[in-house]
Amino acid sequence: EVRALAFLGRRLLTLDLGAVAVRVAGGSRTLAACCPQLERLCAQLCQQHEQPLDQIDPDDLARGCARLKDLDLAPVDWNDTVLARFVEGTPHLQSLTLRHVTIDASSALLTPLLGPRDHKILVLHVALHARTDPVRALGWLDTIAQVRGLRSLC
């Protein structure tokens, strides 16, 4: 319930909703508004197609959770634009999970992770699609090899 999330969320630094998909009315906008202090978010949200307000947009979290360091949020269709906007808005980001990378994501998808940042990406979980698109996967691995400070790759 949104009221409970709003009451608890103001002081939460970590929110892990587990592996089971849950509905959060208002989607990522609600999470960002109710939990502005979040540093770590792990959630599998379900979207009801008849409820367009339940959309999940990483930009909402970048704007609403200024201290975000760790994000594992699904379902998000990561592409070049979505990732670039999110990384630009999260200067403290250290851990990122990209569970679903869109077919139209280019080989330059991960380039925003190389930019000048106060805090470096230490943990990266990315769906490479190595079996279905080896050329693109190799391009991503070339970029990943340049991520300074990376300590874990899944």
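To be clear, the structure that these remarks concern was listed above.
Just so you know, these numbers come straight off a predicted model, no measurement behind them. Per chain, the residues get numbers from 1 upward, laid out in the order the sequence is written. Owing to the predicted nature of the model, reporting of local features is limited to residues with pLDDT of at least 70; listing and counting of side-chain atom pairs is limited to 80 or more, with chain, interface and lining totals taken over all residues. Note that the side-chain values use all heavy atoms of the structure and ignore hydrogens as well as water.

K.L.:
Teacher, can you tell me more about the overall build of the protein chain here?
P.N.:
The number of helices and strands found in the protein chain is 5 helices and 8 strands. Here a strand is any run of E in DSSP of at least two residues, a helix any run of H or I of at least four, and the numbering for each starts at the N terminus. Secondary structure of the protein chain in N-to-C order comes out as α-β-α-β-α-β-β-α-β-β-β-α-β. For the radius of gyration, the atoms used are the C-alpha atoms, and the globule rule reads 2.2 Å times the number of residues raised to 0.38. Against the 2.2 N^0.38 benchmark of 15 Å for 154 residues, the protein chain shows a C-alpha radius of gyration of 15 Å, consistent with a compact globule. Based on the C-alpha atoms only, the size of the protein chain along its principal axes is roughly 45 × 35 × 25 Å. Type-normalised accessible area, obtained with a 1.4 Å probe on protein chains alone, sets the label of each residue: buried when under 20%, exposed when over 50%, and partly exposed for intermediate values. Across the 154 residues of the protein chain, 40% fall into the buried class.

K.L.:
Explain the pattern of salt bridges to me, please; I cannot follow it from the model alone.
P.N.:
Close approach of charged atoms allows side chains with opposite charge to pair. Within this document, salt bridges are pairs made up of a side-chain nitrogen of Lys or Arg and a carboxyl oxygen of Asp or Glu, the two lying within 4 Å of each other. Enumeration over the complete set of coordinates arrives at 9 salt bridges. One salt bridge connects Arg-29 with Asp-60, and the closest N-O pair in it is separated by 3.9 Å. In this pair, Arg-29 sits in helix H2 (residues 27–34) while Asp-60 sits in helix H3 (residues 58–64), placing the two residues 31 residues apart along the sequence. Arg-29 gets classed as exposed once you look at its relative accessible area, which sits at 59%. For the salt bridge of Arg-85 with Asp-59, the shortest nitrogen-to-oxygen distance reads 2.5 Å. Taken together, the positions of Arg-85 in helix H4 (residues 80–89) and Asp-59 in helix H3 put the pair 26 residues apart, joining distant regions of the chain. Residue Arg-85 is classed as partly exposed on the basis of its relative accessible area of 40%.

K.L.:
Can you help me understand the packing of aromatic side chains in this one?
P.N.:
Aromatic rings in a pair are described by how distant their centres are and how their planes are angled relative to each other. Under the pairing criterion, centres of Phe, Tyr and Trp rings, with the six-membered ring standing for Trp, must be within 6.5 Å; the plane angle then separates stacked pairs below 30 degrees from edge-to-face pairs above 60, leaving the rest tilted. The final tally for this structure, using the stated rule, is 1 aromatic pair. Relative to Phe-86, the ring of Trp-78 has its centre 5.8 Å away and its plane inclined at 65°; by these criteria the two rings are edge-to-face. Grouping residues by exposure puts Trp-78 and Phe-86 together as buried. Lysine NZ or arginine CZ positioned within 6 Å of the ring centre and within 35 degrees of the ring normal marks a charge as sitting over the ring. Against the face of Phe-7 rests Arg-11, its NZ or CZ located 5.5 Å from the ring centre.

K.L.:
Can you walk me through the pairing of strand E2 (residues 40–44) in this structure?
P.N.:
Regular strands show a simple pattern: their side chains alternate between the two faces of the sheet. A pair of strands counts as paired when DSSP detects no fewer than two bridges linking them. When strand E1 (residues 14–16) meets E2, the two strands line up parallel, connected through 3 bridges. Following the sheet pairing, Leu-15 is matched in E2 by Leu-41. The crossover handedness rule: strands pointing away from the viewer, path from first strand over the helix to second strand clockwise, crossover right-handed. Handedness of the β-α-β unit built from E1, H2 and E2 comes out right-handed. Of the pairings in the sheet, the one linking E2 to strand E3 (residues 70–74) comprises 5 bridges and is parallel in character. Residue pairing for E3: Arg-40 is matched across the bridge by Asp-70.

K.L.:
How should the sheet that holds E2 be read in this particular structure?
P.N.:
The strands making up a sheet associate through hydrogen bonds between their backbones, and the pairing can be parallel or antiparallel. The parallel open sheet is built from 6 strands, whose spatial order is E1-E2-E3-E5-E7-E8. The open sheet is flanked by E1 and strand E8 (152–153), the only strands paired with a single partner. With 4 bridges joining them, strand E5 (residues 95–98) and strand E7 (residues 123–126) adopt parallel strand pairing. Note on E7: the bridge partner recorded for Thr-97 is His-125.

K.L.:
Mind showing me how you'd approach the environment of Leu-41 here?
P.N.:
Among the structural elements, Leu-41 can be located in strand E2. Linking Leu-41 and Asn-79, residues 38 residues apart in sequence, is a C-alpha distance of 20 Å.

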